[in-house]
Amino acid sequence: MATHPDEKLELLKSSPFLAGLGRKELEEVGRLADEVDVKAGHVLMTEGSVGREFFVIISGNVRIERGGKTIRTMGPGEFLGDVALVTERPRTASGIAETDCRLLVLGHREFHSLLDEFPTIRINVLESIALRLRDLEPDIVH
């Protein structure tokens, strides 16, 4: 069952990297994103693989693993897959659906078109990557 367009826009707006966009821009993001349902246990991305998708979690929880160890769990409104798409390098972690999930998925081309068209998204994505990397290094004094 597809998310109602207004609900989809609210979900997109709740994601930190899209929070500063207006309705027109959010509608464009929504147009580019595919909505998919995955079952618990589904592997969304594998550490070390080439990144081709970016995910925004609509519902459910996704476990993030690095080196086989859980580093965090993500839920609705959060996003993953951005590091590999921004750096165009292999994935830095794996993402596995802990529960049945509904996701918005942007492919490589769509993701980069958003970054090019909306500088605010580029800045917010880069800031979120920096904060996540900082959180992954708890022994370093910031």
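Owing to the predicted nature of the structure, the values given are computational and were not obtained by experimental measurement. (Residues numbered from 1 in each chain as written. Predicted model: local features only at pLDDT ≥ 70, side-chain atom pairs only at ≥ 80, totals over all residues. Heavy atoms only, no water.)

J.: What is the right way to look at the confidence of the model for the chain in this model?
T.: For residues with low pLDDT, the predicted coordinates do not support detailed interpretation. Put simply, the chain has an average pLDDT of 83, and 89% of its residues get 70 or more. Put simply, helix H1 (residues 5-14) is where the chain has its lowest mean pLDDT, 75, and strand S7 (residues 94-97) is where it has its highest, 97. (pLDDT = per-residue confidence, 0-100. Helix = DSSP H or I, 4+ residues; strand = E, 2+ residues; numbered from the N terminus.)

J.: Help me understand the nonpolar core, please; the structure alone is not making it clear to me.
T.: The tendency in soluble globular proteins is for nonpolar side chains to be buried as a group. If you look at the biggest cluster of nonpolar residues, it comprises 24 residues, and the most contacted ones within it are Leu12, Leu18, Leu21, Val29, Phe54, Leu114 and Ile121. Of all the elements in the fold, those that place two or more residues in this core are H1, helix H2 (23-32), strand S3 (53-59), helix H3 (82-87), strand S8 (101-107), helix H4 (108-117) and helix H5 (119-136). Met45, Val62, Ile64 and Leu80 belong to the second largest nonpolar core, which has 14 residues in total. (Core = buried A, V, L, I, M, F, W, Y, C linked by side-chain atoms within 4.5 Å. Buried < 20%, exposed > 50% of the residue type's maximum accessible area, 1.4 Å probe, protein only.)

J.: Any chance you could explain the pattern of salt bridges here in plain terms?
T.: Any two side chains of opposite charge can pair, so long as their charged atoms come close to each other. Counted under the stated rule, the structure contains 9 salt bridges. Arg102 serves as the salt-bridge partner of Asp37, at 2.8 Å between the closest nitrogen and oxygen. Taken together, the residues Asp37 in strand S1 (residues 34-38) and Arg102 in strand S8 connect sequence positions 65 residues apart. Of the charged contacts, one joins Arg122 and Asp116 as a salt bridge, the two residues approaching to 2.9 Å between their closest N and O atoms. Residue classification places Arg122 among the partly exposed residues on the basis of a relative accessible area of 34%. On the basis of relative accessibility, which here comes to 58%, the residue Asp116 falls in the exposed class. Each of the salt bridges in this network shares a partner with another, and the network as a whole consists of Glu35, Asp37 and Arg102. (Salt bridge = Lys/Arg side-chain N within 4 Å of Asp/Glu carboxyl O.)

J.: Help me understand the side chain of His112 in this model?
T.: Topologically, His112 is positioned in helix H4. What makes His112 buried here is its relative accessible area of 18%. Dropping the residues within four chain positions of it, His112 is found in contact with Leu85 and Glu88. (Contact = heavy atoms within 4.5 Å.)

J.: Where do I start with the sheet that holds S3 in this structure?
T.: Sheet strands line up and pair through hydrogen bonds in the backbone, either parallel or antiparallel. Spatial strand order, S1-S8-S3-S6: 4 strands in an open sheet with antiparallel pairing. The sheet is open, and its two edges are formed by S1 and strand S6 (79-80), each paired on a single side. Those strands touched by H4 are S3 and S8, and its axis lies near 75° from that of S8. (Pairing = 2+ DSSP bridges. Axes fitted to C-alpha atoms, helices over the stretch in contact; angles between N-to-C directions.)

J.: Can you walk me through the environment of Leu85 in this structure?
T.: As for its position among the elements, Leu85 is in helix H3. Owing to a relative accessible area of 0%, Leu85 belongs among the buried residues under this scheme. In this structure the C-alpha to C-alpha distance between Leu85 and Gly107, which are 22 residues apart in sequence, comes to 9.1 Å. Residues in contact with Leu85, not counting those within four places in the same chain, are Gly51, Arg52, Glu53, Phe54, His108, Phe111 and His112.

J.: Please explain the sheet that holds S7 as it appears in this structure.
T.: Pairing within the open sheet is antiparallel, and its 4 strands lie in the order S2-S7-S4-S5. Strands with a single pairing partner mark the edges of an open sheet, and in this sheet they are strand S2 (43-45) and strand S5 (69-74). Taken over all neighbouring pairs, the strand axes of this sheet differ in orientation by 30° on average, direction set aside.

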